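Chain residues, written in single-letter form:
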Amino acid sequence: MAHWGGFTFKWYQRLIHNESIMSALYYTIIVALLSSIIATIIGTISAIGIQKIRRRNRKILLNINYLPVLNPDIVTAVALMSLFGFIKMEFGFITMLLSHIMFNIPYVILSVLPKIKQLPQNIEEAAMDLGAKPIYALRKVILPQIKPGIISGFLIAFTMSVDDFIISFFNTGNGVSNLSIEIYGMARRGIKPEINALSTIMFVVVLGLLLLSNKKQSIVRGDK
């Protein structure tokens, strides 16, 4: 859709001075990080609690947990918007952050719960029989065992938050916009080349992180 005129770094320079895109990038990263961290903490605690309750109540809670995952995004977005409007909460950064936290928690629970099920039975009781207090047993015994699930849940939550548009669109306010909302607004006026430059930078960063992660894993396996 554009006329090819050769290679240039002009759009990367303009990207730095584009206040609307840089502001959207800032809110995207801040909301994604905060919502992912908070959702990971709440989701991990919830998964541990769900695993310890009775099977019947566990099924009920898991079915409730599936609702935000199975529902179309627009249903969740409108429901949250109605809730914030009902409690007369001003739309803005806080409402967007809360909506992302609520949206991410089920994915964290679904990532952590399988790791908890793989733990040996009565491992916590065994640790406490050896003198560990419940908090110490949780921090030194349970959490290290389910660490891969926690990391996976955090990464899924972060990815979902960065990628989300519908929930952000319905639950944001004036002056608060993430990249998905910014690109949606540009689509009606015309996509600026600065967005392509930003997409290239994000792609290179993610690719570099993946390569470093794979290299680190191969080194660890080689040491073992």
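Notes on the structure in this doc start here.

Attention shifts here to the overall build of the protein. Helices and strands together make up the secondary structure of the protein, namely 11 helices and 0 strands. Reading the secondary structure of the protein in the N-to-C direction produces α-α-α-α-α-α-α-α-α-α-α. Along the longest, intermediate and shortest principal axes, the C-alpha atoms of the protein span 70 × 55 × 25 Å. For the protein, with 224 residues in total, the buried portion stands at 33%. Once local pairs closer than 6 in sequence are excluded, the contacts in the protein between residues at least 24 apart make up 78%. With the model as given, the accessible surface of the protein reaches about 14,800 Å², and the carbon-plus-sulfur share is 65%. One finds the centroid of the 22 positive side-chain charges in the protein at a distance of 7 Å from the centroid of its 11 negative side-chain charges.

On the surface, I29, L33, L34, I37, I38, I41, I42 and I45 cluster together to form a nonpolar patch covering roughly 640 Å² of accessible area. We classify I37 as partly exposed; its relative accessible area is 42%.

Further remarks concern helix α10 (residues 179-189). Turn by turn, an α-helix covers 3.6 residues, leaving residues three or four places apart pointing in a common direction. Of all the positions in α10, only L179, S180, I181, E182, G185 and M186 are classed as buried. A positive backbone phi angle near 120° is found at G190, which sits one or two residues after α10.

Here the focus is the packing of aromatic side chains. Scanning all chains against the criterion turns up 10 aromatic pairs. Here the aromatic rings of Y27 and F93 are separated by 6.1 Å at their centres, their planes lie at 45°, and the arrangement is tilted. Placement of Y27 in helix α2 (residues 19-52) and of F93 in helix α5 (residues 93-117) is noted, with a sequence separation of 66 residues between them. An angle of 25° between the planes, with centres 6.4 Å apart, marks the rings of F154 and F158 as stacked.

Below, the discussion takes up the packing of helix α7 (residues 134-145) against helix α8 (residues 147-163). Orientation of α7 relative to α8, taken along the N-to-C sense of each, is 65°, at an axis distance of 4 Å. For the pair α7 and α8, contact is made by L143, P144 and Q145 and by K147, P148 and I150, respectively. For the contact of α7 with α8, the residue count by class is 4 nonpolar, 1 polar and 1 charged.

Conventions adopted
- Residues numbered from 1 in each chain as written.
- Predicted model: local features only at pLDDT ≥ 70, side-chain atom pairs only at ≥ 80, totals over all residues.
- Heavy atoms only, no water.
- Helix = DSSP H or I, 4+ residues; strand = E, 2+ residues; numbered from the N terminus.
- Buried < 20%, exposed > 50% of the residue type's maximum accessible area, 1.4 Å probe, protein only.
- Contact = heavy atoms within 4.5 Å.
- Areas by Shrake-Rupley, 256 points an atom, 1.4 Å probe, with all protein chains shown as cover.
- Lys, Arg positive; Asp, Glu negative; His and termini not counted.
- Charge placed at Lys NZ, Arg CZ, Asp CG, Glu CD.
- Patch = residues over 30% accessible without salt bridge, like charges linked within 9 Å, V, L, I, M, F, W, Y side chains within 5 Å.
- Salt bridge = Lys/Arg side-chain N within 4 Å of Asp/Glu carboxyl O.
- Phe/Tyr/Trp six-rings, centres within 6.5 Å; stacked < 30°, edge-to-face > 60°.
- Axes fitted to C-alpha atoms, helices over the stretch in contact; angles between N-to-C directions.
- Nonpolar A, V, L, I, M, F, W, Y, C, P; charged D, E, K, R; others polar.

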